[in-house]
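Spelled out, the chains give:
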Amino acid sequence: MGSFSEYLQLTKPRVVALLVFCAVIGMFLAVPGIPPWRALVFGTLGIWMASGSAAAFNHLIDERIDKLMARTARRPLATGSLTPHQVLVFAVLLGIASMLVLALLVNPLTALLTFGGLIGYALVYTAYLKRATPQNIVIGGLAGAIPPVLGWTAVTGHLHAFALQLCLIIFVWTPPHFWALAIFRRDDYARAQVPMLPVTHGIVYTRWQVLFYTVLLVLVTLLPALTGMSGLIYLGGAIVLDLGFLYYAVRLLNPPDELFPMKVFKYSIVYLMALFAFLLADHWLVEPMVRHGLLFEAVG
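Residues numbered from 1 in each chain as written. Predicted model: local features only at pLDDT ≥ 70, side-chain atom pairs only at ≥ 80, totals over all residues. Heavy atoms only, no water.

Q: What should I look at first to understand the packing of helix α3 (residues 37–61) against helix α10 (residues 147–156) in this one?
A: Angle between the axes and distance between the axes: these two values describe a pair of packed helices. Two elements in contact, α3 and α10, have axes whose closest approach is 9 Å; the angle formed by their N-to-C orientations is 145 degrees. For the crossing formed where α3 meets α10, the hand is right-handed. Between α3, through A39, G43 and I47, and α10, the contact on the second element is made entirely by L150, G151, A154 and V155. Considered class by class, the residues forming the contact of α3 with α10 number five nonpolar, two polar and no charged. (Axes fitted to C-alpha atoms, helices over the stretch in contact; angles between N-to-C directions. Helix = DSSP H or I, 4+ residues; strand = E, 2+ residues; numbered from the N terminus. Left-handed = near helix turned anticlockwise from the far one by under 90°. Contact = heavy atoms within 4.5 Å. Nonpolar A, V, L, I, M, F, W, Y, C, P; charged D, E, K, R; others polar.)

Set out below in structure tokens:
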């Protein structure tokens with residue numbers, strides 16, 4: 001039958017928590033003050049369930065791979081604690097429930113976009129891209145970058161360019177975040193025959209790619225300030241966080257030890273959470289005229 005903790009593990013709660021956090025920040029950034037309670041509560045619930053469903057499908061599709069990798073060998077399906085049929089039923093029911101909540105209690109656009117993200121992660125990335133190309137995490141990164149857009153549309157009912165900027169930040173953040181982990185776990189991926197970049201192109205090449213995407217990330221994180229979405233509080237926080245990420249990326253070129261890629265990986269998680277927290281702080285604390293005009297006046 002399986003225990004509650006085993007089914008909860010299928011949803012990858014720590015990963016999903018970060019996704020939902022970004023979605024909730026998107027909700028708060030979409031409107032002044034507190035978002036409507038209905039969109040906040042049911043939007044968060046629906047996005048969480050959809051993300052958990054996608055994670056469960058990931059467990060199901062990656063069963064063979066998970067058994068071969070030390071990082072994933074203790075997952076419920078890999079150990080036999082749950083059967084593929086149990087995981088499939090759980091993933092489908094959770095996915096259906098999420099779509100009903102979003103479509104009936106939030107709005108159809110959010111349900112549609114969330115469904116696209118679920119399919120993109122569970123099928124396009126996990127079932128195909130992950131095994132097809134070393135650029136898997138780049139091409140498939142859009143599915144993991146969509147949560148702030150979902151949060152925004154849950155509150156407003158429509159897409160906005162500012163929401164797409166948030167999506168772009170996570171999209172560019174994903175490669176250096178994940179490739180740092182892939183460097184550390186490269187033997188696992190090689191054993192499972194997954195063509196992650198450190199396996200196919202070597203560690204040195206991957207380190208330079210981490211640096212390249214980190215530089216690109218620094219540029220992308222300036223967009224909210226340059227376009228008037230946020231102001232000086234966010235800009236100052238982003239610059240500090242970016243300098244930290246650049247330090248780690250440069251240091252990764254000649255790391256002090258084998259564990260350093262995991263330090264980069266862990267910093268990248270703190271980085272994203274703090275970056276979005278600065279966005280929220282700026283949204284609430286900075287005067288509207290500062291958020292929308294002062295930066296350009298200062299530059300001009």
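Back to the text.
Q: It is not clear to me how the side chain of T11 should be interpreted in this structure. Could you clarify?
A: Within the secondary structure layout, T11 lies in the loop between α1 (4–10) and α2 (13–30). Under the relative-accessibility criterion, T11 is labelled buried at 2%. There is a polar contact of 2.5 Å between the side chain of T11 and the backbone oxygen of L8. Filtering out sequence-adjacent residues up to four positions away, T11 remains in contact with V16, W48, G52, A55, F90 and L94. (Buried < 20%, exposed > 50% of the residue type's maximum accessible area, 1.4 Å probe, protein only. Polar contact = N/O pair within 3.5 Å; in protein donor to acceptor, adjacent residues only side chain to side chain.)

Q: How should I be thinking about the packing of aromatic side chains in this particular structure?
A: Each aromatic ring pair is summarised here by two numbers: the centre-to-centre distance and the angle between the ring planes. Within this structure, the stated rule accounts for 13 aromatic pairs. Ring geometry for W37 and F42: centres 6.1 Å apart, planes at 50 degrees, overall tilted. Overall, the relative accessible area of 58% leaves W37 in the exposed class. Plain terms: the ring middles of Y267 and Y271 are 6.2 Å apart, the flat faces sit at 50 degrees to each other, and that makes the pair tilted. With Y267 and Y271 both in helix α17 (residues 260–285) and four residues apart, this pair spans about one turn of that helix. (Phe/Tyr/Trp six-rings, centres within 6.5 Å; stacked < 30°, edge-to-face > 60°.)

Q: I'm lost on the nonpolar core in this one. Help?
A: Nonpolar side chains tend to gather and get buried jointly when the protein is soluble and globular. Ranked by internal contacts, the top residues of the largest apolar core, which has 89 residues, are W152, W173, W179, Y271 and F276. Broken down by element, this core gets its largest block of residues, 14 residues, from helix α11 (residues 161–184). (Core = buried A, V, L, I, M, F, W, Y, C linked by side-chain atoms within 4.5 Å.)

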